[in-house]
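Results of the structural survey
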Amino acid sequence: GFNGYFSTTGQVFVPSADIKANFAIIKKALFIYAGIEGDYQANTLQNTLNLNHYIDLNQNFKNTYTPLDVYGGFKIKFIHNLLTDIYVSYKMKKNQIFFVNQTMTDAANNVVMSNVFSSIYDNANKLTAGIKINYSLNDLLAFNVDGRYNHWETKNVEEAWGMPEWEVNVGANMKFGKRMSADLSTYVATGRKALKFNTDGSTAIHKLGTLYDLNLGFNYNHNSKLGMFIKLNNILHCRAEQWYGYKQTGIHGLLGITYSF
C-alpha cells in the first residue's frame with residue numbers, strides 16, 4: 001500500500017509506504033510479521049507542550065516526517081492466554097524534535113542557562129529492539145510488559161537530548177465482581193542525557209537520573225451512570241529530573257466522581 005500526507009506548512013506532500021505481512025509458522029502458536037510504514041507528525045504548540053511544558057513559546061515549530069519505518073518480529077503463544085512479542089524496528093526521521101535549555105549572558109559575560117527550553121530539530125535514525133508480554137485471564141485479569149532498547153543516530157546534534165536508552169512499561173488491571181476494578185501502571189526510563197552549558201560557553205553532557213513512575217488506580221461503578229475513582233500517582237515519590245533543572249512531580253493523588261448523561 002501507499003500513504004500520502006498533505007500539509008500547508010513545510011513539505012507539502014509527504015509520501016510513505018504501507019506494507020504489512022503476517023505468516024503463521026505454527027498455527028495459533030508461532031507467527032512472524034514485518035512491515036514498512038511511515039508517518040507525518042504535525043508539531044503544533046499544543047502537542048509540543050505535552051512533550052515539554054517549559055518550552056519557549058516564541059519560536060517556530062517544524063513538523064516531523066518519518067519516510068521509513070521498517071519493523072518485524074515474532075509472536076509466540078505456546079501457553080494459553082500468554083502472548084510474547086519479540087520485535088525490532090528502524091525509523092528514519094526528518095525534523096525529529098529535541099529540547100535544550102536556552103542560554104543568556106549575565107553582566108560579567110558569563111553564560112547562564114535558562115529554565116526555558118528551545119525546540120531543536122535534526123534528521124535522526126532510531127533503532128529499537130524489545131519484547132512485549134501480554135497475559136489475560138477471561139475478563140478478570142490483564143497484564144502486560146513492554147521493555148525496549150533505543151539507539152539514536154543524529155546528524156547535527158551531539159546527542160538525542162532527553163531520549164531514553166532503556167524503557168520499561170508495566171500495566172495490570174484486575175476486576176473484583178461487576179462493579180470494582182483496580183489498575184497498576186509503571187514506567188522506567190534510563191540513559192537520558194541533557195546538554196549543559198558552562199559559564200565560559202563550553203558545553204558538557206549532563207546525565208539525567210533514572211525516571212520511574214508507579215501509579216495505582218481504583219474504580220467503583222455504582223450503576224451504568226454513576227461511579228467514582230481514586231488515583232495515586234508516583235507513589236514511590238521519585239524526584240528524578242524529568243528535564244534538566246526540573247524534577248518529576250512527587251507523590252500525588254486524585255479523587256473523583258463520574259456521571260454519564
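These notes cover the structure that comes with them. (Residues numbered from 1 in each chain as written. Predicted model: local features only at pLDDT ≥ 70, side-chain atom pairs only at ≥ 80, totals over all residues. Heavy atoms only, no water.)

**Description of the overall build of the protein chain**
Each helix and strand counted, the protein chain has 1 helix and 17 strands in total. Viewed in the frame of its principal axes, the protein chain has a C-alpha envelope of about 65 × 45 × 35 Å. In the protein chain, which comprises 261 residues, the share counted as buried stands at 32%. Carbon together with sulfur atoms contributes 58% to the accessible area of the protein chain, which is approximately 15900 Å² in total. Charge separation in the protein chain, taken as the distance between the mean sites of 24 positive and 19 negative side-chain charges, equals 10 Å. (Helix = DSSP H or I, 4+ residues; strand = E, 2+ residues; numbered from the N terminus. Buried < 20%, exposed > 50% of the residue type's maximum accessible area, 1.4 Å probe, protein only. Areas by Shrake-Rupley, 256 points an atom, 1.4 Å probe, with all protein chains shown as cover. Lys, Arg positive; Asp, Glu negative; His and termini not counted. Charge placed at Lys NZ, Arg CZ, Asp CG, Glu CD.)

**What about the sheet that holds strand 10 (residues 180–190)?**
On the basis of which strands lie adjacent, the open sheet formed by 11 strands has the order 3-4-5-6-7-8-9-10-13-14-17 and antiparallel pairing. Both outer strands of the open sheet, strand 3 (19–26) and strand 17 (252–259), are each paired with one neighbouring strand and no more. For this sheet, the mean inter-axis angle between neighbouring strands, taken without regard to orientation, is 20 degrees. The pairing of strand 7 (residues 111–137) with strand 8 (residues 141–154) spans 14 bridges and is classified as antiparallel. Counted as the bridge partner of lysine 126 is tryptophan 152 from strand 8. (Pairing = 2+ DSSP bridges. Axes fitted to C-alpha atoms, helices over the stretch in contact; angles between N-to-C directions.)

**Overview of the environment of histidine 53**
Along the chain, histidine 53 turns up in the loop between helix 1 (45–51) and strand 5 (64–79). On a C-alpha basis, the gap between histidine 53 and phenylalanine 117 in space is 9.1 Å, while along the polypeptide they are 64 residues apart. Side-chain polar atoms of histidine 53 contact the backbone oxygen of leucine 49, separated by 3.0 Å. (Polar contact = N/O pair within 3.5 Å; in protein donor to acceptor, adjacent residues only side chain to side chain.)

**Some points on the nonpolar core**
Ranked by size, the top nonpolar core spans 10 residues in total: Phe98, Val100, Val111, Ala124, Trp152, Val157, Ala160, Trp161, Leu195 and Phe197. Setting aside anything within four residues of it in sequence, one finds valine 157 in contact with Phe98, Ile120 and Asp122. (Core = buried A, V, L, I, M, F, W, Y, C linked by side-chain atoms within 4.5 Å. Contact = heavy atoms within 4.5 Å.)

**Some words on the packing of aromatic side chains**
Counted according to the given criterion, the structure contains 9 aromatic pairs. Between the aromatic rings of tyrosine 149 and tryptophan 166, the centroid separation amounts to 4.9 Å while the plane-to-plane angle is 50 degrees, which identifies the pairing as tilted. One end of the pair, tyrosine 149, is in strand 8; the other, tryptophan 166, is in strand 9 (residues 166–176), with 17 residues separating them in the sequence. Clustering of aromatic rings is evident, with ring pairs tying together Tyr54, Phe99, Phe117, Trp243 and Tyr246. Between the NZ or CZ atom of lysine 75 and the centre of the ring of tyrosine 33, over which it lies, the distance is 5.3 Å. Over the ring of tyrosine 87 we find lysine 132; its NZ or CZ atom is 5.4 Å from the centre of that ring. (Phe/Tyr/Trp six-rings, centres within 6.5 Å; stacked < 30°, edge-to-face > 60°. Lys NZ or Arg CZ within 6 Å of the ring centre and 35° of its normal.)

**Observations concerning the layout of surface pockets**
One number sums up the size of the largest pocket: a volume of about 760 Å³. Lining the largest pocket are 29 residues, with Leu51, Phe99, Gly162, Met163 and Trp243 sitting closest to its centre. Elements supplying a minimum of two residues to the lining of the largest pocket: strand 4 (30–41), helix 1, strand 5, strand 6 (82–105), strand 8, strand 10 and strand 15 (241–243). Element by element, the count of residues in the lining of the largest pocket is highest for strand 6, at 4 residues. Looking at the lining of the largest pocket, its residues break down into 12 nonpolar, 12 polar and 5 charged. Size it by volume and the second largest pocket reaches roughly 270 Å³. Lining the second largest pocket are 14 residues, and of these Asp69, Tyr71, Tyr87, Ser89 and Lys91 lie nearest its centre. Of all the secondary-structure elements, those providing two or more residues to the lining of the second largest pocket are strand 5, strand 6 and strand 7. (1 Å grid on protein atoms, 1.4 Å probe; cavity = no way out; pocket = protein on both sides within 12 Å on 5 of 7 lines; lining within 4 Å. Points joined across faces, edges and corners; volume = space filled by probe spheres on them. Nonpolar A, V, L, I, M, F, W, Y, C, P; charged D, E, K, R; others polar.)

**Quick notes on the pattern of salt bridges**
Summed over all chains, the structure comprises 4 salt bridges. As a salt-bridge pair, lysine 20 and glutamate 37 come within 3.6 Å of each other at their nearest N and O atoms. Of this pair, lysine 20 sits in strand 3 while glutamate 37 sits in strand 4, and the two are 17 residues apart along the sequence. For lysine 20, a relative accessible area of 57% gives the class exposed. Between aspartate 146 and arginine 148 there is a salt bridge whose closest N-O contact spans 2.8 Å. (Salt bridge = Lys/Arg side-chain N within 4 Å of Asp/Glu carboxyl O.)

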